[in-house]
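# Examining the three-dimensional arrangement
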Amino acid sequence: MRWSSTSTSETAARQEDAAREAAVLAARLGDDEAQLYAIDKLLIAPMFRGDLDATRRILVEHEQLAPRVGQPLFLLLEAQVRATVSLGEGQLDEAEAHAEAASEWAHLLPHAG
C-alpha cells in the first residue's frame, strides 16, 4: 500500500479545487477560521507556479480574515508569503521586513517552522 502521494499538476489542481470549494463553503457558513484555513491552502498552488498576481489576490482575502481569527499561525504564514512575493518582485527591503515579521511570529511558534 502506498502511503505518500506524488505531487503532480493533476494532484495540485485537485487540491486547489478542494481548497477553493472549502473556502466558499466556510464563507457561506460564516466560519472564518475554516475559511482562513482553506485560503492558506489556496496560497500554495500559485506560489509553486510563480503566479505572484494570484498569490496577491488570495492574500487580500487572507489579510481580511487573519486579524479577525487572531491565530498566530495564520499571521506567520501571511508574513512568510508576503516575504516570498516581495522577493519575487525584487522588493528586497519589503521582503526583509516581512521576513523579520515572520521570524518574530516563528519565535512565538517554535513548532510551526
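Refer to the structure printed above.
Residues numbered from 1 in each chain as written. Predicted model: local features only at pLDDT ≥ 70, side-chain atom pairs only at ≥ 80, totals over all residues. Heavy atoms only, no water.

### Some thoughts on the packing of helix α1 (residues 9-29) against helix α2 (residues 32-49)
Defined as follows: To get an axis, fit a line to the C-alpha atoms, keeping to the stretch in contact for a helix; angles then go from 0 to 180 degrees between the N-to-C directions. Put simply, DSSP marks the helices as runs of H or I at least four residues long and the strands as runs of E at least two long, and each gets a number from the N terminus on. Roughly parallel means an angle under 35 degrees; roughly antiparallel means over 145; roughly perpendicular covers 65 to 115; every other angle is labelled oblique. The sense of a crossing depends on the near helix, which, turned anticlockwise from the far helix by less than a right angle, makes the crossing left-handed and, turned clockwise, makes it right-handed. The criterion used for residue contact is that any of the two residues' heavy atoms lie within 4.5 Å. Throughout, the ten residues Ala, Val, Leu, Ile, Met, Phe, Trp, Tyr, Cys and Pro are labelled nonpolar, Asp, Glu, Lys and Arg are labelled charged, and all others, Gly among them, are labelled polar.
α2 packs onto α1 with a crossing angle of 150° between their chain directions and a minimal axis gap of 8 Å. Between α1 and α2, the interaxial angle falls into the category roughly antiparallel. The handedness of the crossing between α1 and α2 comes out as left-handed. In contact with E16, A19, R20, A22, A23, A26 and A27 of α1, α2 contributes A34, Q35, A38, I39, K41, L42, A45, P46 and R49. Residues of the contact of α1 with α2, tallied by class, amount to 11 nonpolar, one polar and four charged.

### Points about helix α4 (residues 72-88)
Under the convention used in this document: Expected helix span is computed as 1.5 Å times (number of residues minus one). Only protein chains enter the calculation, and the probe is 1.4 Å; a residue is then buried if its accessible area is under 20% of its type maximum, exposed if over 50%, and partly exposed in between.
Compared with the 24 Å implied by 1.5 Å per residue over 17 residues, the 24 Å span of α4 between its first and last C-alpha is a close match. Looking at α4, one finds that the buried residues are F74, L76, E78, A79, V81, A83, V85 and S86. The elements touched by buried residues of α4 are α2, α3 (52-69) and α5 (92-108). Positioned one or two residues after α4, G90 has a phi angle of 80°, which is positive.

### With respect to the pattern of salt bridges
Filter applied, for reference: Criterion for a salt bridge: a side-chain nitrogen of Lys or Arg within 4 Å of a carboxyl oxygen of Asp or Glu.
Throughout the structure, instances matching the rule amount to nine salt bridges. The residue R14 makes a salt bridge to E10 at a minimum N-O spacing of 2.8 Å. In this pair, R14 and E10 both sit in helix α1, four residues apart, roughly one turn of the helix. When its relative accessible area of 48% is taken as the criterion, R14 is described as partly exposed. Relative accessible area serves as the criterion here: at 53%, E10 is assigned to the exposed category. Connected through salt bridges with shared partners, the residues E16, D17, R20 and R49 form a single ionic network.

### Side note on α2
Relative to the 26 Å expected for 18 residues at 1.5 Å per residue, α2 spans 27 Å between its end C-alpha atoms, a close match to the ideal helical length. Of the positions making up α2, those classed as buried are Q35, L36, A38, I39, D40, L42, L43, A45 and P46. Next to the buried residues of α2 lie α1, α3 and α4.

### Notes on the packing of α4 against α5
Close contact between α4 and α5 brings their axes to 8 Å; oriented N to C, the two are set at 160°. Taken together, the axes of α4 and α5 lie roughly antiparallel to each other. Between α4 and α5 lies a crossing whose hand is left-handed. On α5, the residues that touch P72, L75, L76, A79, Q80, R82, A83, S86 and L87 of α4 are L92, E94, A95, H98, A99, A101, A102, W105 and A106. Residues that form the contact of α4 with α5 fall into these classes: 13 nonpolar, three polar and two charged.

Geometric descriptors of this kind do not, in isolation, establish any biological role.
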